[in-house]
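Chain residues, written in single-letter form:
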Amino acid sequence: MGKLSSAVTAVSFEKERGEGMTMHPIKIETLTQFQFVSNPSFAPDGSGIAFVVQHADLKDNDYKGDLYFYRLGGGQVTRLTTAGDGKSYTWTARGTLLFPSARDGKKEGETSYYEISPKGGEAVKAFTVPLRAGSIYPVDEDRYLILASSQLEKAEEKNPAYEVIDELPFWSNGRGFTNGQRSRLYLYHAAAGELRPVSEETADVTGFSVRGNRVLYKAFPWTDVRGQYPGVYLYDLDTGETRCLLQKGRRRVGMIGLWADDEAVVAASEEDPQGAWRYMDFYTLSLTDGGLKLLTQYDYSSDSGSVGSDARLGGGRTMKVEDGVCYFVTTRGDSAHLYALRRDGTLEGVVTQEGSCDSFDVQNGHVVVCGLYGDQLAELYLDGEQITRFNDMSQWQISTPRSYTFSASAGSELTGWVMEPAGYEPGRKYPAILHIHGGPRTVFGTVFHHEMQVWANAGYFVFYTNPRGSDGFGTEFGDISGKF
């Protein structure tokens, strides 16, 4: 396997439309015919790539998902599960896939995990934890870190007739009332069935990184009112000791990663940040004394992509430390790219194709990306070549966006896009829709957007752009605080 020494600046994707082929109009219900690919990761032994494919199920008013495996060398794609419950997974140290499932009956406050081999066979129940688990990470063959939703001890029992609100915030999108809830980190010993809290009860954990017997995590311990800036903590898996390396409330903290025995990489703001709109720079964090040292300035988002689309589903890795290099997804311009940050502070674009790198993995010089490129839905690309084709987009009547550059009234140069209505005839008048994104720190781009395709197929021109406040163009462009 060759080393990843140069950037993958172009991604190949197929777009075949045979002559005389009947193309179907894109309607609202077309969304139910799409397959949503996500979350690729290499097997520990490098034999292949696991990933998730989901689809809408109108009958059950749900999304069903299953685990798949792409074998390197032969390119064979194998479906590993068929029950529709394989929406997330992790590789175990044994080279099997571990995924949460309620096959044995869903019980309140519990999560059961099943294990399956990439070579096939039936999934076998591995263990059940008394947690509402969100994600799981294998430390070794017996120990797992689990990030789970926990409820603070309250004097009054929860009553279905009303909600007790005694802290802020008390509600969030997609979760409803969250009063007294925290995201807590636990260490689970599978053989003994032993569960040990890692973070304190009142702390909200928002990210962690593992190297050897150490866990670096960011969290905000709180009661009453939650603050904005988390602290950074170092936990010893063997002794159970926790040390605070960065006090909460001092800086905004983004992605964190252990990339040496004595040092971590951290995206953070200045200690006295000038508002919430400034992007975070990269620092090194000493594991000995908690000292922060500026590594390089960075005027873009990191550890996430923000290219808008309503035709994607599923998660995946957006940051990884591999061989002392920090790989991360970042929005630059109107696209989400994959970049690499090295310990000397140099930055390199790894995948810089126009579109959206939604998630990725790197191993032994190879990079796999789940991305939206051209008129395609999300598919997998290995070292720049498309390796999955779960959606035949050639059958659909797609309006490909055309880009135009123009000057805004304030002097900013913007790029906008126009989508022609289906069956467009020059000289005819058509109704038009101007689509404005929210956020504001998101962007529109060239990726497939189902809602806008529905409008174009219904006979509308569709216009959209990235106004001031959008992501991907630096702090000055993105700062509209108090300037709406």
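Residues numbered from 1 in each chain as written. Predicted model: local features only at pLDDT ≥ 70, side-chain atom pairs only at ≥ 80, totals over all residues. Heavy atoms only, no water.

A. Geometry of the overall build of the protein. On a plain count of helices and strands, the protein comes out with two helices and 34 strands. Taken over the C-alpha trace, the protein has a radius of gyration of 23 Å; the compact-globule value for 484 residues is 23 Å, and the two agree within 12%. Its C-alpha atoms give the protein principal-axis dimensions of roughly 75 × 60 × 55 Å. When the 484 residues of the protein are sorted by exposure, 50% land in the buried category. Put simply, of all contacts in the protein between residues at least 6 apart along the chain, 49% involve residues at least 24 apart. As presented, the protein carries roughly 22900 Å² of accessible surface, and 47% of it is formed by carbon and sulfur atoms. Distance between charge centres in the protein, computed from 47 positive and 63 negative side chains, equals 1 Å. (Helix = DSSP H or I, 4+ residues; strand = E, 2+ residues; numbered from the N terminus. Rg over C-alpha atoms; globule rule 2.2 N^0.38 Å. Buried < 20%, exposed > 50% of the residue type's maximum accessible area, 1.4 Å probe, protein only. Contact = heavy atoms within 4.5 Å. Areas by Shrake-Rupley, 256 points an atom, 1.4 Å probe, with all protein chains shown as cover. Lys, Arg positive; Asp, Glu negative; His and termini not counted. Charge placed at Lys NZ, Arg CZ, Asp CG, Glu CD.)

B. View of the pairing of strand S25 (residues 335-341). By the criterion of burial, S25 is predominantly enclosed, with seven of the seven residues buried. Alternating positions in S25 separate into two faces, Ser 335, His 337, Tyr 339 and Leu 341 on one and Ala 336, Leu 338 and Ala 340 on the other, with burial throughout. Pairing analysis gives seven bridges linking strand S24 (residues 325-332) to S25, with the strands arranged antiparallel. Looking at S25, one finds that Phe 328 is bridged to Tyr 339. Taken together, S24 and the strand that follows it, S25, pair antiparallel across an intervening segment of two residues, in which Gly 333 is found at a positive phi of about 70 degrees. Connecting S25 to the antiparallel partner strand S26 (residues 347-351) that follows it, the hairpin turn spans five residues, and Gly 345 within it adopts a positive phi of roughly 90 degrees. (Pairing = 2+ DSSP bridges.)

C. Representation of the pattern of salt bridges. Per the counting criterion, the structure on display carries 21 salt bridges. The shortest N-O distance in the salt bridge between Arg 143 and Asp 140 comes to 2.9 Å. Accessibility expressed as a relative area gives 14% for Arg 143, which makes it buried. The partner of Arg 312 in a salt bridge is Asp 358, with the nearest N and O atoms 2.8 Å apart. Taken together, the residues Arg 312 in the loop between strand S22 (292-296) and strand S23 (319-322) and Asp 358 in strand S27 (residues 356-363) connect sequence positions 46 residues apart. According to the relative accessible area criterion, Arg 312 is partly exposed, its value standing at 28%. Overall, the relative accessible area of 21% leaves Asp 358 in the partly exposed class. (Salt bridge = Lys/Arg side-chain N within 4 Å of Asp/Glu carboxyl O.)

D. Representation of the confidence of the model for the protein in the model. Confidence in the prediction of the protein, expressed as mean pLDDT, is 92, and 94% of residues score 70 or more. Note on residues 5-17: pLDDT is under 50 here. Beyond four places in sequence and across chains, it has 44 contacts. (pLDDT = per-residue confidence, 0-100.)

E. Inspection of the sheet that holds strand S34 (residues 461-465) at higher detail. Here four strands make up an open sheet; going across it, the order is S31-S32-S34-S33 and the pairing mixed. Unpaired on one side and paired on the other, strand S31 (402-407) and strand S33 (432-435) mark the two borders of the sheet. Across the sheet, the mean angle from the axis of one strand to that of its neighbour is 25 degrees, orientation sign disregarded. Bridging between strand S32 (residues 413-419) and S34 involves four bridges; their strand directions are antiparallel. Residue pairing for S34: Trp 417 is matched across the bridge by Tyr 464. (Axes fitted to C-alpha atoms, helices over the stretch in contact; angles between N-to-C directions.)

F. Molecular detail of the packing of aromatic side chains. What the rule picks out here adds up to 26 aromatic pairs. Arg 251 extends its terminal NZ or CZ atom over the ring of Tyr 283, reaching a point 5.2 Å from the ring centre. Above the face of the Phe 477 ring, Arg 468 is positioned so that its terminal group lies 5.7 Å from the ring centre. (Phe/Tyr/Trp six-rings, centres within 6.5 Å; stacked < 30°, edge-to-face > 60°. Lys NZ or Arg CZ within 6 Å of the ring centre and 35° of its normal.)

G. Looking closely at the sheet that holds strand S1 (residues 36-42). In space, the four strands of this open sheet follow the order S1-S2-S3-S4, with antiparallel pairing throughout. Every interior strand has two partners, whereas the edge strands, S1 and strand S4 (77-79), have only one. Across the sheet, the mean angle separating the axes of adjacent strands is 25 degrees when strand polarity is ignored. Note that strand S3 (residues 62-71) and S4 share three bridges and pair antiparallel. The partner of Phe 69 across the bridge, within S4, is Thr 78.

H. Geometry of a negative patch on the surface. A cluster of acidic side chains, namely Glu 153, Glu 157, Glu 200 and Glu 201, defines a negative patch on the protein surface. By the element assignment, Glu 200 lies in the loop between strand S14 (194-197) and strand S15 (203-211). (Patch = residues over 30% accessible without salt bridge, like charges linked within 9 Å, V, L, I, M, F, W, Y side chains within 5 Å.)

I. Examining the nonpolar core more closely. Ranked by internal contacts, the top residues of the largest apolar core, which has 32 residues, are Tyr 327, Leu 338, Phe 360 and Val 369. Ranked by residues supplied to this core, first place goes to strand S28 (residues 366-372) with five residues. When near neighbours in sequence (up to four residues on either side) are disregarded, Leu 338 contacts Tyr 327, Phe 328, Val 329, Glu 348, Gly 349, Val 350, Val 351, Cys 357, Phe 360, Val 367 and Val 369. (Core = buried A, V, L, I, M, F, W, Y, C linked by side-chain atoms within 4.5 Å.)

J. The environment of Phe 99, seen in detail. Assignment of secondary structure puts Phe 99 in strand S6 (residues 97-100). Judged by relative accessible area, which is 0%, Phe 99 ranks as buried. Expressed as a C-alpha distance, the spacing of Phe 99 and Tyr 89, which sit 10 residues apart in the sequence, is 4.3 Å.

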